[in-house]
Amino acid sequence: MVGLLADKVAIVTGSSRGIGKAAALALADVGAKIVVNYASSSHSAQEVVSEIIANGGEAIAFQADVSNATEVDDMIKASMEKFGRIDVLVNNAGITRDTLLLRMKPEDWQAVIDLNLTGVFLCTRAVSKIMLKQRSGRIINISSVAGLMGNPGQANYSAAKAGVIGFTKTVAKELAPRGVTANVVAPGFIATDMTGDLKNTEEILKYIPLARYGQPEEVAGLIRFLAADPAAAYITGQVMNVDGGMVMH
Ligand code: NAD
């Protein structure tokens, strides 16, 4: 896969750590110039940029809250000014505000919908204008098994992640005539900061046939395939799980 994305440009939202960071490094590995988006951790984002540059790649860090339309537009503008094109968008930024439905405050609901669903809409809308003009592009949206099967304590998160699936299928249909694909990657339990403070690990492992958490790099491998491999040009509107077998369609 070496050089498959040479001269191509990828934006990965929330890529200062976790799955986003692994995706940024994996795409840089196959030659893409990377926009490392972050909300507040400028030091970590800069470290990802430095790692890419140390490996012979090109990258910039860009601060933008992807639930904010103006900040998203500024990020896309800056990416175009710096690199002149956008070939891959990975909508990865996400948060949780877990609590049972009866205790869930409207602000817990709204914060998760604003970032995990509206943020995906804002970035996709902004980038699709450019991809349509280019007549090529690959959009990869990160959902979750919670969006497919539900998860107690995650009504807000599951709704947003299920929304991402419906959204992506529509985008796939709208953009297909110009050769732009859109797919969903739905991870199960991946070892990142997001799952770092889960306490019922033993209980969780009972539901994972492969009986372990996944690694960010294992999710990044599928993202890289969808973003870079010529064979992925004929895959659009699909939901693909990286979950140790938790969900079997
Ligand atoms: P993480 O918490 O390590 O990373 C999330 C990233 O999003 C961070 O870099 C954070 O700074 C960024 N972010 C937060 N708010 C932002 C904002 N307003 N604007 C821009 N960036 C923002 O979590 P992760 O596990 O790496 O999760 C990455 C994605 O994968 C998320 O969408 C998450 O929902 C999804 N996911 C994770 C798991 C898992 O088990 N870890 C499972 C399924 C889905």
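If you check an unreviewed UniProt entry, the chain appears there as 3-oxoacyl-[acyl-carrier-protein] reductase from Phormidesmis priestleyi Ana. The Sequence similarities (unreviewed entry) field of the UniProt record for the chain holds the comment "Belongs to the short-chain dehydrogenases/reductases (SDR) family." The chain has a UniProt comment under Subunit (unreviewed entry) that states "Homotetramer."

Attention shifts here to the environment of Leu 5. Within the secondary structure layout, Leu 5 lies in the segment before β1 (9-12). Given a relative accessible area of 4%, Leu 5 falls into the buried group. C-alpha of Leu 5 to C-alpha of Lys 33: the two residues are 28 residues apart in sequence and 8.3 Å apart in space. In this structure Leu 5 touches Leu 27, Val 30, Gly 31, Ala 32, Val 88, Ala 227 and Ala 228, once residues within four positions along its chain are discounted.

In this section: the UniProt feature "domain: Ketoreductase" (unreviewed entry) in the chain. The feature "domain: Ketoreductase" (unreviewed entry), as given by UniProt, occupies residues 8-188 in the numbering adopted here. Taken end to end, residues 8-188 has its terminal C-alpha atoms 29 Å apart, with 52% of it in helix and 18% in strand.

Time to look at the side chain of Asn 92. Along the polypeptide, Asn 92 turns up in the loop between β4 (88-91) and α4 (106-134). The exposure class assigned to Asn 92 is buried, which follows from its relative accessible area of 11%. A distance of 3.0 Å separates a polar atom in the side chain of Asn 92 from the backbone oxygen of Gly 14. Each residue touching Asn 92, except ones within four places of it in the same chain, is listed here: Val 12, Thr 13, Gly 14, Ile 19, Gly 20 and Ile 142.

Before going further, it helps to spend a moment on the pattern of salt bridges. Oppositely charged side chains are able to pair whenever their charged atoms sit close together. In this structure the tally under the stated criterion is 4 salt bridges. Asp 87 is the partner of Arg 85 in a salt bridge, and the nearest nitrogen-oxygen pair spans 2.6 Å. Relative accessible area serves as the criterion here: at 27%, Arg 85 is assigned to the partly exposed category. A relative accessible area of 5% places Asp 87 in the buried class.

With 6 of 6 residues buried, strand β5 (residues 137-142) is to be regarded as a mostly interior element. Residues Gly 137, Ile 139 and Asn 141 line one face of β5 and the alternating positions Arg 138, Ile 140 and Ile 142 line the opposite face, and both faces are buried. The pairing of β5 with strand β6 (residues 180-187) spans 6 bridges and is classified as parallel. Its bridge partner lying in β6, Ile 140 is registered against Asn 183.

This brings us to helix α3 (residues 69-83). Structurally, the α-helix is built with 3.6 residues per turn, so residues lying three or four positions apart point the same way. The terminal C-alpha atoms of α3 lie 21 Å apart, and with 15 residues this matches the ideal 21 Å at 1.5 Å per residue to within 8%. When we look at burial in α3, the residues that qualify are Val 72, Met 75, Ile 76, Ala 78, Ser 79 and Phe 83. Buried residues of α3, seen end-on, are gathered within an arc of 165° and therefore sit on one face of the element. Away from the buried face of α3 by more than 90 degrees, exposed residues Thr 70, Lys 77 and Glu 81 are located. Regarding α3, its N-cap is Asn 68, as a side-chain oxygen of that residue lies 3.0 Å from the backbone nitrogen of Thr 70 further along. Positioned one or two residues after α3, Gly 84 has a phi angle of 80°, which is positive.

The next point concerns the pairing of β4. Looking along a regular strand, one sees the side chains alternate between the two faces of the sheet. On β4, burial covers both faces: Val 88 and Val 90 on one face and Leu 89 and Asn 91 on the other are all buried. Here 3 bridges tie β1 to β4, and the two strands are oriented parallel to one another. Pairing of Val 12 across the sheet is with Val 90, part of β4. Pairing of β4 with β5, which is carried by 4 bridges, proceeds in the parallel orientation. Across the sheet, residue Leu 89 finds its bridge partner in β5, namely Ile 139. Following the chain from β4 across α4 to the adjacent parallel β5, one finds a crossover that is right-handed.

Rules of the game
Residues numbered from 1 in each chain as written. Predicted model: local features only at pLDDT ≥ 70, side-chain atom pairs only at ≥ 80, totals over all residues. Heavy atoms only, no water. UniProt positions renumbered as here; feature names shortened; annotations may be inferred. Helix = DSSP H or I, 4+ residues; strand = E, 2+ residues; numbered from the N terminus. Buried < 20%, exposed > 50% of the residue type's maximum accessible area, 1.4 Å probe, protein only. Contact = heavy atoms within 4.5 Å. Polar contact = N/O pair within 3.5 Å; in protein donor to acceptor, adjacent residues only side chain to side chain. Salt bridge = Lys/Arg side-chain N within 4 Å of Asp/Glu carboxyl O. Pairing = 2+ DSSP bridges. Expected span 1.5 Å × (residues − 1). Arc of directions from axis to C-beta. Right-handed = clockwise from strand over helix to strand, strands pointing away.

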